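Structural overview
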Amino acid sequence: MSNTANTLKIHTFTCAWCGLTATKTASDGSLRNHCPSCLHSQHVSDHVEGGPSECDGRMSPIAIAVLRTGDWMLIHRCVRCDELTSNPVCADDNQLILMRMAVRPLAQPPFPLEALGSL
Ligand SMILES: [Zn+2]
Ligand SMILES: [Zn+2]
């Protein structure tokens, strides 16, 4: 019985933001480091030094980046130390939040759109 609980703990994590218990591997077999529901992550590995991070801060999804291959990357920023990370989007990630983040810059252009018409 304790065996089952241990296995469950190794293969799942609890989202620090929405409390969802998620598996560490996505449905397509890729490793997941963020919550599939709210897309928040946790700063547990140091991306500069490659080792585990002492920070443990919450990482908010802030943007989408598209690689040359067409793959979508999710950009996270740590709310505690401001470190930025990028991670591949998983097949079962919340598509509504992904789309909302992808169109946000288009919905809030830093210049008047009318200027484009006179180019
Ligand atoms: Zn979550
Ligand atoms: Zn951090």
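Cut-offs used in this document
Residues numbered from 1 in each chain as written. Chains lettered and ligands numbered in written order. Predicted model: local features only at pLDDT ≥ 70, side-chain atom pairs only at ≥ 80, totals over all residues. Heavy atoms only, no water. Helix = DSSP H or I, 4+ residues; strand = E, 2+ residues; numbered from the N terminus. Buried < 20%, exposed > 50% of the residue type's maximum accessible area, 1.4 Å probe, protein only. Contact = heavy atoms within 4.5 Å. Areas by Shrake-Rupley, 256 points an atom, 1.4 Å probe, with all protein chains shown as cover. Donors = N, O, S within 2.8 Å, 3.2 Å for Na, K, Ca; no water. Tetrahedral: all angles 85-135°; square planar, octahedral: opposite > 155°, others 65-115°. Pairing = 2+ DSSP bridges. Polar contact = N/O pair within 3.5 Å; in protein donor to acceptor, adjacent residues only side chain to side chain.

1. What to know about the overall build of the protein
Counting secondary structure elements, the protein contains three helices and six strands. Helices (α) and strands (β) of the protein occur, in sequence order from the N terminus, as α-β-β-β-β-β-β-α-α. Taking all 119 residues of the protein together, 29% fall into the buried category. Residue pairs at least 24 apart in sequence account for 34% of intrachain contacts in the protein once pairs closer than 6 positions are excluded. Put simply, the protein shows about 8,200 Å² of open surface, and 57% of that area lies on carbon and sulfur atoms.

2. A closer look at the coordination of the zinc ion (ligand 2)
The zinc ion (ligand 2) binds to the protein through His43 (ND1), Cys55 (SG), Cys78 (SG) and Cys81 (SG); the donor distances cover 1.9 to 2.4 Å. Every donor counted, the four donor atoms about the zinc ion (ligand 2) form angles of 104 to 120° at the centre, which fits tetrahedral coordination. All donors of the zinc ion (ligand 2) come from a single chain, and their spacing in sequence reads H-x11-C-x22-C-x2-C. Residue Cys55 is found in the loop between β3 (41–42) and β4 (58–66), and its partner Cys81 is found in the loop between β5 (72–78) and β6 (84–88); the two are separated by 26 residues along the sequence.

3. Here we look at the coordination of the zinc ion (ligand 1)
With distances of 2.3 Å, the protein atoms coordinating the zinc ion (ligand 1) are Cys15 (SG), Cys18 (SG), Cys35 (SG) and Cys38 (SG). Its four donor atoms give the zinc ion (ligand 1) angles of 103 to 114° at the centre, a pattern that matches the tetrahedral case. Spacing between the donor residues of the zinc ion (ligand 1) along their common chain follows C-x2-C-x16-C-x2-C. For the pair Cys35 and Cys38, one class covers both residues: buried.

4. Description of the pairing of β5
Every other side chain in a regular strand lies on the same face of the sheet, so the side chains alternate between the two faces. Judged by how many residues are buried, β5 sits mostly within the fold: five of seven residues are covered. Linking β4 to β5, which pair antiparallel, is a turn of five residues; within it Gly70 sits at a positive phi near 95°. Bridge count between β5 and β6: five bridges; the pairing is antiparallel. Looking at β6, one finds that Ile75 is bridged to Ser86.

5. Considerations on the side chain of His34
Turning to its location among the elements, His34 is positioned in the loop between β2 (21–23) and β3. Looking at His34, its side chain comes within polar contact range of the side chain of Asn33, at 2.9 Å. At 2.8 Å, the side chain of His34 and the side chain of Asp93 are in polar contact. Not counting residues within four places of it along the chain, the set of residues in contact with His34 comprises Phe13, Leu39, His40, Ser41, Leu74, His76, Asn87, Pro88, Cys90 and Asp93.

6. Some points on the environment of Met99
By the secondary structure assignment, Met99 is in helix α2 (residues 95–107). By relative accessible area, which is 45% here, Met99 ends up partly exposed. Through-space distance from the C-alpha of Met99 to that of Ile64 is 8.8 Å; in sequence the pair is 35 residues apart.

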